[in-house]
Amino acid sequence: MSIEARRSAFAFHRRWRSFSWKTLLNVALLACGALIMVAPFAWIIQLAFTSNVSQVYEIPPRWFPTNPTLSNFADVFDQVPFDRFMWNSLKVAGSITMGQLVICSTGAFAFARLRFPGRDLLFILLLSGLMVPLQVTIVPLFILMRELDLYNTHWALILPPLANPFGVFLLRQYIMSVPKELDEAARIDGAGVFTIYWRIILPLIGPALVTLAILAFVFWWNDFFFPLIMINTPALQTLPVGLTLLRGHYDAGSLATVAAGITMAIVPVLIVFLLLQRNIIKSVATSGLKG
Amino acid sequence: MKGATALRNRWQISPKTSEAIAAYLFLLPTLVTFFLFVLGPMLAAVGLSFFDYNLLKWNSSPEFIGFDNYRQLAEDGRIVSIYQTTLKIAVAEVALTIGLGLLIAYLLEQKMPSLLRSLFRMTYFFPYVVSVSAVALIWSYLLHKDFGIVNYYLGLLGIERISWLRSSQWSWVSIVITESWKSLGFNVLVLLGGLQTIPAEFYEAAEVDGANGWGKFRHVTLPLLTPTLLFLLVIDSINAFQIFAQPYILTQGGPGDSSRTVVMYIYEHGFRFFNMGYASTIALSLFAIILVLTIFQFRLSRRWVFYQ
């Protein structure tokens, strides 16, 4: 037997030795829970492919459609401008994310690295903004957007979230951990403030920028409250509120069509989640933001 | 930055002043957006609570009415029961997600293949990143009285069909179930982080002292996890008091007010009746209650939170 084979045989043996009934019980319990997390998605996705209306309301429930069809997906596009919803969500969440990256990073840089009168006072004032809930500011924001003639435009969705005290705080803490000698060395070489921000700080705080970008995008991609209040033209609506339009008045919409809409909304999220899950999980763990 | 140097030379600006000018320029976007979209609206909401301002009235303009909105709030027959419902939902959701989150995080920390562990972690977390409206729509079908699969499987256990969404007895429970299902993964994640900070030596020491599995959990894991539990208690409570989309989609707050949350009530007054003054007053009352609750939780935490 070669050394390699012996080694793998040993590893195999060890793995089996470490097997225990306790581990099996733990895994079985977790699997039961995981099933409850997955089953609702599985059920709605199979519904999206059902061809026969009677199958939808079948008891006992089906887990695999017979004669799967794509016609429910076509129905979604007939009933609502689903592609517009998708694009609007992408545009709004993308713009907010880009805007927050610029605004929070410049603000955080000033608080972390520059000296100016009133710095501590302004920072405390900004932090107090962390406590202000959206439900309190929503009424004045609605009036403000109406006065500015921005009600029912994407500006009404993009502008207010650009103020993000949490983002400034997050980036400031990260910039503070960058060694100050780096800026001082650059300053001696004749670099100005902007050069230090752009060429030294920004490249070094990449992980924090990724965290902020993920949090902002996930939160505003999923937001329901703001678009519900600020938008009333279906063609301008974002995905979360758009989905509910499929249900129709008094829940008159077809269940299979709604299921197809939900499926189309979830699958891209699932793909992105699988690709970026490590980053997403880490980012969300650093915040208490609710999607 | 040649321009700045030239400017400095001509106007004799000291390096200190020029740094301050640069700082304010860098801060400008942060401060403008903050004053315009956070601080300004916050103050405006306080101001509005002293006005009668109905956008539906013809030629509407704000009219100063002193404390009338607050008086209306105190006499509002619905507000007490709406706060009770909100509290009921919040307490149940926070207890359920922290309890189950603790159990799942603890099981995940036990010995198992690491691939399986990350698969479980992903599965439990995924609903958290799905939009609340998709989740609420899915559950509105799952919980349907006649063809929902929840009632079907409960039926197999011999439980009679429950009118989850159309009875005042159960509608708030539906909100608790869907909210907990969606946000459980966040608690699991945070608790996993907390568990991983507990040094292995503590468990070894407990083993030497003859502690069994439960003993180790009770006397090592739980005390060292209390700071994480406090964090979750505060964050989850703040979020739970602001529930809106789930009841809006699942039950429309009904039947009656049986599943209506405070934020739904704010929405109703603000964006159905367009009573801007009164909506602001309710919102401020919610803000005050959340603030008091959070301070209270921190005060009380001195008695049960254990810092290493």
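The rules behind each value
- Residues numbered from 1 in each chain as written.
- Chains lettered and ligands numbered in written order.
- Predicted model: local features only at pLDDT ≥ 70, side-chain atom pairs only at ≥ 80, totals over all residues.
- Helix = DSSP H or I, 4+ residues; strand = E, 2+ residues; numbered from the N terminus.
- Buried ≥ 20, exposed ≤ 12 C-beta atoms within 10 Å, placed from the backbone.
- Contact = placed C-beta atoms within 7 Å.
- Axes fitted to C-alpha atoms, helices over the stretch in contact; angles between N-to-C directions.
- Parallel < 35°, antiparallel > 145°, perpendicular 65-115°, else oblique.
- Left-handed = near helix turned anticlockwise from the far one by under 90°.
- Nonpolar A, V, L, I, M, F, W, Y, C, P; charged D, E, K, R; others polar.
- Domains from an automatic or database assignment.
- Core = buried A, V, L, I, M, F, W, Y, C linked by C-beta atoms within 7 Å.
- pLDDT = per-residue confidence, 0-100.

1. Describing the overall build of chain A
Within chain A one finds 15 helices and zero strands. Within chain A, the proportion of its 291 residues that are buried is 39%. Restricting the contact set of chain A to residue pairs at least 6 apart, pairs at least 24 apart contribute 74%.

2. Let's talk about the packing of helix α8 (residues 171-196) of chain B against helix α10 (residues 213-240) of chain B
Residues and elements named next belong to chain B. Between α8 and α10, whose axes approach to 9 Å, the crossing angle comes to 155°. When the axes of α8 and α10 are compared, the pair comes out roughly antiparallel. Considering only the axes of α8 and α10, their crossing is right-handed. Residue-level inspection shows N187, V190, L191, G194 and L195 of α8 in contact with α10, the latter providing L225, T228, F231 and L232. Looking at the contact of α8 with α10 residue by residue, the class counts come to six nonpolar, three polar and no charged.

3. Quick look at the environment of A211(B)
All names here are of chain B. Relative to the helices and strands, A211 is located in the loop between α9 (200-208) and α10. A residue is classified by how many C-beta atoms lie within 10 Å of it, and A211, with 16 of them, is partly exposed. It is 36 Å that separates the C-alpha atoms of A211 and T294, two residues lying 83 residues apart in sequence.

4. Remarks on the domain arrangement of chain B
When the parts come together, some accessible area is lost, and that loss is often what is quoted as the size of the interface. If you check the domain split of chain B, you get domain 1 (2-48) and domain 2 (69-304). The centre of domain 1 of chain B, based on its C-alpha atoms, is set 41 Å off from the matching centre of domain 2 of chain B.

5. Let's talk about the packing of helix α2 (residues 15-48) of chain B against helix α13 (residues 276-304) of chain B
Residues and elements named next belong to chain B. Where α2 contacts α13, the two axes come as close as 8 Å, and the packing angle between them is 115°. Of the possible angle classes, the one that applies to α2 and α13 is roughly perpendicular. You can see that α2 and α13 cross each other, and the crossing is left-handed. Packed against α2, whose contacting residues are A45, V46 and L48, the element α13 presents M276, G277, S280, A283 and L284 at the interface. Looking at the contact of α2 with α13, its residues break down into six nonpolar, two polar and no charged.

6. Focus: the interface of chain B and chain A
Listed by partner, the interface residues are 72 residues for chain B and 73 residues for chain A. With 19 residues, the top contributor of residues to the side of chain B that touches chain A is α2(B). When grouped by side-chain class, the residues that make up the side of chain B that touches chain A number 58 nonpolar, twelve polar and two charged.

7. A look at the nonpolar core
In terms of nonpolar packing, the biggest core is built from 159 residues, with L171(A), A259(A), I262(A), A134(B), I138(B), V188(B) and A283(B) touching the most fellow members. With sequence-adjacent residues up to four places away left out, I138(B) is seen in contact with P40(A), I44(A) and I262(A).

8. Here we look at the confidence of the model for chain A
Scored by pLDDT, chain A has a mean of 86; 88% of the residues are at 70 or more. Between the elements of chain A, mean pLDDT differs from a low of 60, seen in helix α1 (residues 3-18) of chain A, to a high of 96, seen in helix α8 (residues 154-158) of chain A.

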